[in-house]
Amino acid sequence: MAPNNELPNSTNFIQSIINEDLKRNKNDSRVHTRFPPEPNGYLHIGHAKSICLNFGLAEAYHGLCNLRFDDTNPTKEEVEYVDSIMKDVKWLGFDWGDRLFYASGYFEKLYECALDLIKAGKAYVCDLNAEQIREYRGTLTEPGKNSPYRDRSIEENLDLFQRMRAGEFPDGFRVLRAKIDMSSPNINMRDPVLYRIQRASHHRTGDKWCIYPMYDYAHPISDAIEGVTHSICTLEFEDHRPLYDWVVDNVAVPCHPQQIEFARLNLGYTVMSKRKLRALVEQGIVEGWDDPRMPTISGLRRRGYTPEAIRDFCERIGVAKSNSFVDIAMLEHSIREDLNARAPRLMAVLRPLKVIIDNYPEDQVEMLDAENNAEHPEMGSRQVPFARVLFIEQEDFREDPPKKFFRLAPGREVRLKHAYIIKCERVVKDEQTGEVLELHCTYDPDTRSGMSNEMRKVKGTLHWVSAAHAVKAEVRLYDHLFIKENPEEDEDFRANLNPGSREILTNCLVEPSLAEVQPGNRYQFLRQGYFCVDTDTIAGYPVFNRVVSLKDTWAKIQKAGQ
RNA sequence: UGGGGCGUAGCCAAGCGGUAAGGCAACGGGCUCUGAAUCCGUCAUUCGAUGGUUCAAAUCCAUCCGUCCCAGCCA
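Here the structure is a predicted model, which means the values were calculated and not measured. (Residues numbered from 1 in each chain as written. Chains lettered and ligands numbered in written order. Predicted model: local features only at pLDDT ≥ 70, side-chain atom pairs only at ≥ 80, totals over all residues. Heavy atoms only, no water.)

Draft legend 1. Focus on the overall build of chain A. Secondary structure summary: chain A contains 13 helices and 25 strands in total. When the backbone C-alpha atoms are referred to their principal axes, chain A occupies close to 100 × 60 × 45 Å. Counting all 562 residues of chain A, 53% fall into the buried class. Here the analysis covers contacts within chain A between residues at least 6 apart in sequence; of these, 70% occur between residues at least 24 apart. In the form shown here, chain A has an accessible surface area of approximately 25,600 Å², with 47% of it arising from carbon and sulfur atoms. Counting 74 positive and 87 negative side-chain charges, chain A places the centres of these two groups 2 Å from one another. (Helix = DSSP H or I, 4+ residues; strand = E, 2+ residues; numbered from the N terminus. Buried < 20%, exposed > 50% of the residue type's maximum accessible area, 1.4 Å probe, protein only. Contact = heavy atoms within 4.5 Å. Areas by Shrake-Rupley, 256 points an atom, 1.4 Å probe, with all protein chains shown as cover. Lys, Arg positive; Asp, Glu negative; His and termini not counted. Charge placed at Lys NZ, Arg CZ, Asp CG, Glu CD.)

Below, the structure written as structure tokens:
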């Protein structure tokens with residue numbers, strides 16, 4: 001372990017605690033954490049916060065972090081989820097080494113500890129049914145009362161508990177409870193249930209067990225067995241800490257981990273509960289756990305987010321105990337910053353408008369050199385064909401340009417990126433609808449990009465593609481899944497779904513260098529945003545997901561003008 | 001109403017008795033063959049409120065207010 005003078009500066013309250021522990025040589029100066037997901041759904045960005053915290057702490061202190069599946073409730077857990085969780089943790093860039101564990105791997109040990117508790121007179125088998133247990137528990141303001149079965153003899157408890165395991169009783173017929181204090185102001189201490197009878201086959205232990213331990217019992221023991229020093233969980237478990245400590249103190253385990261609670265992540269314009277995310281998937285509101293609109297790790301991955309951006313985001317938001325509601329702009333900033341540095345720039349026209357350069361020779365094609373990223377010359381360049389018939393973006397032309405609009409308009413000039421300055425001479429419209437069909441322009445041959453004698457300045461630069469060379473593509477534009485920053489403030493969060501959360505454009509035209517792309521490739525489409533090649537791509541028909549748009553000052557100006 | 005947390009800018013968040021870091025957002029300006037990026041600048045006389053202790057309080061004490069969590073045989 002690093003000597004005291006090499007401790008990382010504490011950037012949050014958990015590091016402060018660890019630094020103190022290390023100064024006092026607690027836990028032999030080890031730092032050992034764990035990430036303990038329940039395999040009952042896919043991981044989301046909130047889990048990423050926890051993963052970065054737990055694995056990050058272990059890294060910072062040269063300690064270890066385990067991956068442990070908290071699989072004590074077979075009715076909700078599936079292997080599909082454990083597989084996806086491992087994939088996501090790895091993808092985020094973390095490594096649990098040979099420390100992959102399952103709470104179910106401790107079932108036998110957990111059972112033995114329960115026997116010990118019974119023998120010590122600290123646990124008993126209770127015959128009350130669920131409803132009666134609730135009644136006996138009392139309320140928030142009134143103490144509970146002792147179960148009539150609380151004072152059974154140790155022998156009887158032992159016999160009954162063994163027979164629970166042996167399958168002699170039906171589901172829910174009896175439970176094992178800790179004998180603590182029915183009048184405790186902390187409801188978790190009012191003789192909590194430790195084991196329930198549940199005939200359900202478990203994804204790892206099959207039908208070996210018909211009794212399963214509860215979280216409050218299994219979790220502390222699992223931590224202790226693994227030598228975890230700092231057991232980090234979310235705020236809602238703060239009330240459970242006395243019980244966590246009670247279990248560890250009353251059972252034979254090698255150490256006493258310290259539970260520390262932090263605030264879970266809430267993000268604007270999305271939901272973060274597994275229950276709600278599952279509802280979106282199961283009700284077909286989104287197309288799966290990896291729908292690019294989902295805040296799941298798999299959704300973000302498909303959308304085009306990078307692990308680096310997600311980790312950066314988790315670092316920026318910090319770790320504290322106050323319930324926070326993070327601005328989605330923060331996440332978007334992290335991915336923009338990452339992709340800005342690494343994505344090649346290309347041209348793609350999403351909503352094409354035909355442009356004919358009247359003074360450009362019919363059959364001429366020029367191959368223009370275009371750098372892939374002006375700020376990173378090492379990323380090289382490619383050739384882009386220029387010809388008489390082109391397409392530009394519909395929104396880059398306005399017949400009646402508003403103030404401050406410095407794109408194309410009748411009589412105006414703009415620069416075509418990597419090419420020439422053109423001037424709009426004539427507009428061809430549909431006589432019936434008034435729709436603009438095509439633009440006739442002229443180009444100035446002396447203004448080709450890179451010409452050293454070229455000194456003319458125009459205010460606007462547009463992206464474009466050559467009609468004869470462009471590749472047809474599909475582009476999926478995504479927006480927030482919900483229209484409200486906090487969709488959960490209403491009874492049914494689904495009422496706040498954003499109907500425009502996905503727009504699919506099938507008539508896009510991209511430059512020829514994008515003909516051959518691999519799913520997962522990320523690009524910046526000039527002036528539009530960052531895009532990632534989707535897995536739906538087929539040969540000759542690339543499909544792109546918009547990861548995030550570029551910041552758009554013009555859109556802001558227009559909005560302000562309204 | 002019992003218990004446990006939390007209140008520092010629009011949003012995160014440092015601060016740990018010596019006079020309010022940083023990031024996001026926003027706003028103004030420079031630069032620009034991406035209205036992007038980048039650069040420069042602005043953005044809390046005050047830390048939920050009120051009292052108290054102190055030479056000195058966001059930091060200590062008291063009271064109050066607000067807000068979140070807990071009454072699964074879920075995690």
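Don't stop here, the text continues.
Draft legend 2. Quick look at the sheet that holds strand 22 (residues 502-510). Taken together, the 7 strands give an open sheet; going across it, the order is 10-23-24-25-21-22-11, and neighbouring strands pair in mixed fashion. If you trace the sheet from one side to the other, it starts and ends with strand 10 (345-346) and strand 11 (348-349), each paired once. Bridging between strand 21 (residues 471-478) and strand 22 involves 7 bridges; their strand directions are antiparallel. For Val 475, the partnering residue across the bridge sits in strand 22 and is Leu 505. Most of the contacts of helix 12 (residues 328-342) go to strand 25 (residues 543-549), to which it runs at about 115°, and overall it touches strand 10, strand 23 (522-525), strand 24 (529-533) and strand 25. (Pairing = 2+ DSSP bridges. Axes fitted to C-alpha atoms, helices over the stretch in contact; angles between N-to-C directions.)

Draft legend 3. A look at the protein's contact with RNA strand B. Not every one of the 68 residues close to RNA strand B is listed here, only the nearest: Arg 345, Arg 407, Ser 449, Gln 524 and Thr 553. Thr 72 places a side-chain nitrogen or oxygen 2.7 Å from a phosphate oxygen of RNA strand B. Asp 327 is positioned with one of its backbone polar atoms (N or O) 3.3 Å from a sugar or linking oxygen of RNA strand B. Elements with a minimum of two residues in the surface near RNA strand B: helix 5 (130-137), strand 6 (193-197), helix 11 (307-317), helix 12 and helix 13 (553-561). Taken together, the residues that form the surface near RNA strand B break down as 25 nonpolar, 20 polar and 23 charged. (Near = heavy atom within 4 Å. Polar contact = N/O pair within 3.5 Å; in protein donor to acceptor, adjacent residues only side chain to side chain. Nonpolar A, V, L, I, M, F, W, Y, C, P; charged D, E, K, R; others polar.)

Draft legend 4. Structural context of helix 2 (residues 45-60). An ideal rise of 1.5 Å per residue puts 22 Å on 16 residues; helix 2 measures up with 21 Å between its terminal C-alpha atoms. Within helix 2, 13 of the 16 residues are buried, which leaves it mostly tucked inside the rest of the structure. Positive phi appears at His 62, one or two residues downstream of helix 2, with a value of about 55°. (Expected span 1.5 Å × (residues − 1).)

Purely geometric stuff here, so don't read any function into it on its own.
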